[in-house]
Amino acid sequence: MTRSSSPEQPAGRPSEPPVTIGRLVLPVYLPVIAGTIGVALLIPVLPLYLTDSGLSLGATSVVLSAVGLGAALGSLPAGSLIARWGERRVLFVALGVLALTTALLGVTTAVLALVALRMSAGAANVALRLSRQTYIARRVPTDRRGRAMAMIGGSFRLALLVGPLLGGLLADTIGFTATFAAAGVCTALGLLPPLLAGPHHLPPHAEADARRQAGVIEGLRTHWRLLLLTGVVPLLVMTVREGRFVVLPLISDELGLSPTAVGAVITVGTAADLLLFPAAGFVMDRYGRLFAMLPAFSLIALGLVLLGVADTTLAVVIAGAVIGVGNGLSSGTMLTFGSDLAPADATGPFLAGLAAMQDGGRVAGPLVVGLIGARAGLGAASIALAIVLVGAMVWLVAFVGET
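Residues numbered from 1 in each chain as written. Predicted model: local features only at pLDDT ≥ 70, side-chain atom pairs only at ≥ 80, totals over all residues. Heavy atoms only, no water.

(A) Inspection of the overall build of the chain at higher detail. A tally of regular secondary structure across the chain gives 17 helices and 0 strands. Relative to its full complement of 403 residues, the chain shows a buried share of 57%. In the chain, of all internal contacts separated by at least 6 residues, the share reaching a separation of at least 24 is 87%. (Helix = DSSP H or I, 4+ residues; strand = E, 2+ residues; numbered from the N terminus. Buried < 20%, exposed > 50% of the residue type's maximum accessible area, 1.4 Å probe, protein only. Contact = heavy atoms within 4.5 Å.)

(B) View of the side chain of Arg132. Of note, Arg132 is situated in helix α5 (residues 111-139). Buried charge without a partner: Arg132 forms no salt bridge, and the closest opposite charge is Glu87, 5.1 Å away. The contacts of Arg132, once residues within four sequence positions are left out, are Pro27, Val28, Val32, Glu87, Arg88, Leu91 and Ile152. (Lys, Arg positive; Asp, Glu negative; His and termini not counted. Salt bridge = Lys/Arg side-chain N within 4 Å of Asp/Glu carboxyl O.)

(C) Here's a closer look at empty space enclosed by the protein. In total, this model carries 5 cavities of 30 Å³ or more according to the counting rule given. Taken as a whole, the largest cavity encloses approximately 730 Å³ of empty space. Taken together, 33 residues make up the lining of the largest cavity; nearest its centre are Val39, Asn125, Glu242, Phe245 and Arg362. Those elements that provide at least two residues to the lining of the largest cavity are α1 (25-40), α2 (42-52), α3 (57-85), α5, α6 (142-174), α11 (224-254), α15 (333-341) and α16 (347-376). Broken down by element, the residue count for the lining of the largest cavity peaks at 6 residues, all from α11. For the lining of the largest cavity, the class distribution of residues is 17 nonpolar, 8 polar and 8 charged. (1 Å grid on protein atoms, 1.4 Å probe; cavity = no way out; pocket = protein on both sides within 12 Å on 5 of 7 lines; lining within 4 Å. Points joined across faces, edges and corners; volume = space filled by probe spheres on them. Nonpolar A, V, L, I, M, F, W, Y, C, P; charged D, E, K, R; others polar.)

(D) Up close: helix α4 (residues 87-103). Taking 1.5 Å as the rise per residue, α4 with 17 residues should run 24 Å; its terminal C-alpha atoms sit 24 Å apart, in good agreement. Here α4 has its buried residues at Glu87, Val90, Leu91, Ala94, Leu95, Leu98, Ala99, Thr101 and Thr102. Looking at the buried side of α4, the elements it contacts are α1, α2, α3, α5, α7 (176-188) and α8 (192-197). (Expected span 1.5 Å × (residues − 1).)

(E) Summary view of α6. Over its 33 residues, α6 extends 46 Å from the first C-alpha to the last, a length consistent with the 48 Å expected when each residue adds 1.5 Å. Positive backbone phi, at 95 degrees, marks Gly175, one or two positions downstream of α6.

(F) Layout of the packing of α1 against α5. At a minimum axis separation of 10 Å, α1 and α5 run at an interaxial angle of 155 degrees. By the angle between their directions, the pair α1 and α5 is classed as roughly antiparallel. Along this stretch, α1 crosses α5, giving a crossing that reads as left-handed. On α5, the residues touching Pro27, Val28, Tyr29 and Val32 of α1 are Arg132, Tyr135 and Ile136. In terms of residue class, the contact of α1 with α5 is built from 6 nonpolar, no polar and 1 charged. (Axes fitted to C-alpha atoms, helices over the stretch in contact; angles between N-to-C directions. Parallel < 35°, antiparallel > 145°, perpendicular 65-115°, else oblique. Left-handed = near helix turned anticlockwise from the far one by under 90°.)

(G) The packing of aromatic side chains, seen in detail. Under the defined criterion, the tally for this structure stands at 4 aromatic pairs. Between the aromatic rings of Tyr49 and Phe180, the centroid separation amounts to 5.1 Å while the plane-to-plane angle is 80 degrees, which identifies the pairing as edge-to-face. Linking Tyr49 in helix α2 with Phe180 in helix α7, this pair joins segments that are 131 residues apart in sequence. The same class applies to Tyr49 as to Phe180, namely buried. (Phe/Tyr/Trp six-rings, centres within 6.5 Å; stacked < 30°, edge-to-face > 60°.)

(H) Main features of a nonpolar patch on the surface. There is a patch of nonpolar side chains on the surface, built from Val25, Leu26, Leu30 and Leu196 and spanning about 320 Å² of accessible area. The element that contributes the greatest number of residues to the nonpolar patch is α1, accounting for 3 residues. Here Val25 shows up in helix α1. The exposure class assigned to Val25 is partly exposed, which follows from its relative accessible area of 33%. (Patch = residues over 30% accessible without salt bridge, like charges linked within 9 Å, V, L, I, M, F, W, Y side chains within 5 Å. Areas by Shrake-Rupley, 256 points an atom, 1.4 Å probe, with all protein chains shown as cover.)

(I) Representation of the environment of Arg289 in the model. Among the secondary structure elements, Arg289 is positioned in helix α13 (residues 289-308). For Arg289, a relative accessible area of 7% puts it in the buried group. As for Arg289 and Met334, which are separated by 45 residues in sequence, their C-alpha atoms are 9.6 Å apart.

(J) Layout of the packing of α3 against α5. At their nearest, the axes of α3 and α5 sit 6 Å apart, and the two run at 40 degrees to each other. Regarding the angle of α3 to α5, the classification is oblique. Crossing of α3 over α5 shows right-handed handedness. Grouping the constituent residues of the contact of α3 with α5 by class yields 18 nonpolar, 7 polar and 1 charged.

(K) Just the confidence of the model for the chain, in detail. In the predicted model, the chain carries a mean pLDDT of 81, and the fraction of residues at 70 or more is 88%. Within the model, pLDDT remains below 50 along residues 2-16, and this stretch shows 29 contacts once partners closer than five positions in the same chain are excluded. (pLDDT = per-residue confidence, 0-100.)

(L) Representation of the side chain of Ser330. By the secondary structure assignment, Ser330 is in the loop between α14 (313-329) and α15. Once you skip the residues sitting within four places of it in the chain, Ser330 turns out to touch Arg157, Arg241, Ala296, Phe297 and Ile300.

(M) Expanded view of the environment of Leu55. Positionally, Leu55 belongs in the loop between α2 and α3. Here the alpha-carbon distance between Leu55 and Val111, two residues 56 residues apart in the chain, equals 8.5 Å. Setting aside residues no more than four positions away along its own chain, Leu55 makes contact with Leu50, Thr60, Val63, Thr109 and Val111.

(N) Structural view of the environment of Arg244. Considering the arrangement of structural elements, one finds Arg244 in helix α11. In sequence terms Arg244 and Pro366 are 122 residues apart; their C-alpha atoms lie 8.4 Å from each other. Arg244 has contacts with Pro249, Leu304, Ile323, Asn327 and Leu385, leaving out every residue within four places of it along the chain.

Encoded structure:
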């Protein structure tokens, strides 16, 4: 699928200055980094906290998948709020809710309360992501968008490099409850950079496009065929990405690694991931989106297979590094994928609908690991995630194509 023109940079307006990466640091990348560090602290900590509290693997997977359910349910309301309140106000509300719900995790072990907190965090997280994705989609032309979106992916990865290792260290030294509080504080710090940046107004042509935007329901009703056809890809990809955050620490725990060591294993993969995200944006803008996505997803699938058969710490580290390389090469691909395909008359509604499908994968990922892991073992669950990703690549090539 291709787009004949971009509503962000019409051919008739060459004099409008493009938004550079530097101008996106305060309003976009630093809030994402702060919010994601708070979330990343939980990656090695929350599964261990739940199992140490006596929850079964099934109950643990339900709590972990609740963040995806909250994101899926919160996507359309987030899109509507962005249309009504604007991207800036939604950003502040999202960071505030995410910080509070993260800090409160350590005060209860009740499954219902934990599910409610994680659902709220999921809704806030998708609002944060959508506000920044819409910000870029409305301001950055198509031929630079891959790099701008890849930088969001790089911001996630930078936080994921620091967060898991820090989370494991904090859990070992100050305990689970204080670690959750620290994660909430990290997230709240993300409120400062956009305050320093001040409001950033839309360029004139984007203001006009924003006034012509359809409402969420109207936009989804008009473009539902496109949404369903393309939404399968981010749904399956997010299933795998979210599932790996469950299966990797649990397989490491099965091998007897401490929380600090689990965090270190995740950090090794993220370090490989972080080194490659600039290449992802360059490849997308230079050679096309498929040229970036297919090799990257193939590496992730290979790493998951290696993880599924790993029986030593070294094997887990190698598998995590391979997954990290693949994930780094896929940085920003789903954000760019959605922004490329978003119709000019319903950019916000379409991105919200696509986010709802994508975040359905956040629900499915932990459930796939929990259901298959409980019956056939965590190794089989890891291999199942690889098969899901192969299915995503087949669908992408057969039914979507180059965007």
